[in-house]
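Residue strings, one per chain:
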Amino acid sequence: MTSIALTVNGEQVAADVSDRMTLADFLRDQLNLTGTHLGCEHGVCGACTVLVDDEPVRACITLAVAMGGKAVRSIEGFEDDTAMGVIRQCFSKAHGLQCGFCTPGMVITARDMLARGCCGSAAQIRTELAGNLCRCTGYGGIVKAIELARDALKERAGNTPAS
Ligand code: FES
Ligand code: FES
């Protein structure tokens, strides 16, 4: 066991973790944050994507013991996030939710993509989403949702007076 101290969704957390525990298991089993979903459990599907120090990472192949001093944000940590609110609405509107299982990872990745401004075209969105697999339906609704979110966020930014 190793003691770690980190922040999770803005809250200070101190815990003892086994050296082989993944970040996904830590969030789900130790903190009861079960919105982080596990699909492949070997870094391929993207379902377990969370932010660590604002960068998307795959929680299934990240060790909890390496999270000391880090800021982890899981899907439960976006309640006050304007961009995530818009993304959620657009996924609902464009029927991008589909199975729901991959959705936490999809929307966290989408938020990162939009923050980086790399969603100019549907083709770019599909390329950027290559690490988040949908095996139930297809990407049409998901890509449309991200396009809607891109346009809505751009419009919001345009309507915000410069300070
Ligand atoms: S569960 Fe982590 S990438 Fe698939
Ligand atoms: S939308 Fe989740 S696997 Fe297709």
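Residues numbered from 1 in each chain as written. Chains lettered and ligands numbered in written order. Predicted model: local features only at pLDDT ≥ 70, side-chain atom pairs only at ≥ 80, totals over all residues.

1. Remarks on the overall build of the protein
- When you go through the protein residue by residue, the secondary structure sums to five helices and five strands.
- Here the C-alpha atoms of the protein give a radius of gyration of 16 Å, agreeing with the 15 Å that 2.2 N^0.38 yields for 163 residues.
- Residues classed as buried in the protein amount to 35% of the 163 residues present.
- Across the protein, every contact between residues at least 6 apart in sequence was considered, and the portion connecting residues at least 24 apart equals 61%. (Helix = DSSP H or I, 4+ residues; strand = E, 2+ residues; numbered from the N terminus. Rg over C-alpha atoms; globule rule 2.2 N^0.38 Å. Buried ≥ 20, exposed ≤ 12 C-beta atoms within 10 Å, placed from the backbone. Contact = placed C-beta atoms within 7 Å.)

2. Here we look at the packing of helix H2 (residues 82-93) against helix H5 (residues 140-159)
- Two elements in contact, H2 and H5, have axes separated by 8 Å at closest approach and are oriented at 140°. Relative to H5, the element H2 is oriented oblique. Regarding H2 and H5, the two cross each other, and that crossing is right-handed. Residues Ala83, Val86, Ile87, Cys90, Phe91 and Lys93 of H2 lie in contact with H5, whose contacting residues are Ala145, Leu148, Ala149, Ala152 and Leu153. (Axes fitted to C-alpha atoms, helices over the stretch in contact; angles between N-to-C directions. Parallel < 35°, antiparallel > 145°, perpendicular 65-115°, else oblique. Left-handed = near helix turned anticlockwise from the far one by under 90°.)

3. Remarks on the pairing of strand S3 (residues 49-52)
- In terms of strand pairing, S3 meets strand S4 (residues 55-58) through four bridges, oriented antiparallel. From the neighbouring strand, Thr49 faces S4, where its bridge partner is Arg58.
- Here S3 folds back onto S4 in antiparallel fashion, the turn holding two residues, of which Asp53 has a positive phi close to 50°. (Pairing = 2+ DSSP bridges.)

4. Digging into the sheet that holds strand S2 (residues 11-17)
- In spatial order, the strands read S2-S1-S5-S3-S4; together these five strands make up an open sheet with mixed pairing. Since the sheet does not close on itself, it has two edges, and those belong to S2 and S4, each with one partner. Across the sheet, the mean angle from the axis of one strand to that of its neighbour is 40°, orientation sign disregarded.
- Along the sheet, helix H3 (residues 103-115) makes contact with S3 and S4, crossing S3 at roughly 45°.

5. Re the domain arrangement of the protein
- Domain annotation of the protein identifies domain 1 (2-77) and domain 2 (82-158).
- Computed over C-alpha atoms, the centres of domain 1 and domain 2 are 22 Å apart.
- For the side of domain 1 that touches domain 2, the residue count by class is seven nonpolar, six polar and no charged. (Domains from an automatic or database assignment. Nonpolar A, V, L, I, M, F, W, Y, C, P; charged D, E, K, R; others polar.)

6. Observations concerning the nonpolar core
- Leu23, Ala59, Ile87, Ala110, Ile142, Ile146 and Ala149 are the most contacted members of the largest nonpolar core, which has 39 residues in total.
- Among the elements of the structure, strand S1 (2-8), helix H1 (23-30), S3, H2, H3 and H5 are those that each provide at least two residues to this core.
- Looking at this core element by element, the count peaks at six residues for H3.
- Here this core spans two domains, and each of domain 1 (2-77) and domain 2 (82-158) adds at least three residues to it. (Core = buried A, V, L, I, M, F, W, Y, C linked by C-beta atoms within 7 Å.)

7. Here we look at the environment of Cys136
- Looking at where Cys136 falls in the secondary structure, it is placed in the loop between helix H4 (122-128) and H5.
- With 10 C-beta atoms packed within 10 Å, Cys136 lands in the exposed category.
- Spatially, the C-alpha atom of Cys136 lies 9.7 Å from that of Cys102, the residues being 34 residues apart in sequence.
- What Cys136 contacts, discounting residues up to four positions off in sequence, is Gln98 and Cys99.

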